[in-house]
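# Structural overview for review
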Amino acid sequence: MPLDRIVLIIVCVTAAAGATVWLATLLIAAIELPFGWVVLIPAALVGYVVFRVIAERVGNAEEDHYDNMDH
């Protein structure tokens, strides 16, 4: 991958992250959420993703490599 494309991707991702933080700051200031909600929302999203990954791993038959082994 050319260097200019990598730099362009990094600039776009940084700009998108900055715009997201700026909009979230405006939204939080407008709604006047307590600080606990600001921390709780990302923590809940991370917990949900972890739960989905674990549920997918447990429910997937291809992940059970050692179930058919003789001891």
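Structure: above.
Notes on the structure in this doc start here. The structure presented is a predicted model; accordingly, all values stated were derived computationally and were not measured. (Residues numbered from 1 in each chain as written. Predicted model: local features only at pLDDT ≥ 70, side-chain atom pairs only at ≥ 80, totals over all residues. Heavy atoms only, no water.)

### Description of the overall build of the protein
The secondary structure content of the protein amounts to two helices and zero strands. A total of 71 residues make up the protein; the buried ones form 0% of that total. For the protein, the accessible surface area stands at approximately 6,700 Å², while carbon and sulfur atoms represent 71% of it. (Helix = DSSP H or I, 4+ residues; strand = E, 2+ residues; numbered from the N terminus. Buried < 20%, exposed > 50% of the residue type's maximum accessible area, 1.4 Å probe, protein only. Areas by Shrake-Rupley, 256 points an atom, 1.4 Å probe, with all protein chains shown as cover.)

### Some thoughts on a nonpolar patch on the surface
There is a patch of nonpolar side chains on the surface, built from Met1, Leu3, Ile6, Val7, Ile9, Ile10, Val11 and Val13 and spanning about 780 Å² of accessible area. As for its position among the elements, methionine 1 is in the segment before helix H1 (3-31). Among the residues examined, methionine 1 registers a relative accessible area of 69% and is labelled exposed. (Patch = residues over 30% accessible without salt bridge, like charges linked within 9 Å, V, L, I, M, F, W, Y side chains within 5 Å. Salt bridge = Lys/Arg side-chain N within 4 Å of Asp/Glu carboxyl O.)

### Comments concerning H1
Between its first and last C-alpha atoms H1 spans 42 Å; for 29 residues at 1.5 Å apiece the expected length is 42 Å, and the two agree. Backbone geometry just downstream of H1 places glutamate 32 in the positive-phi region, at approximately 60°. (Expected span 1.5 Å × (residues − 1).)

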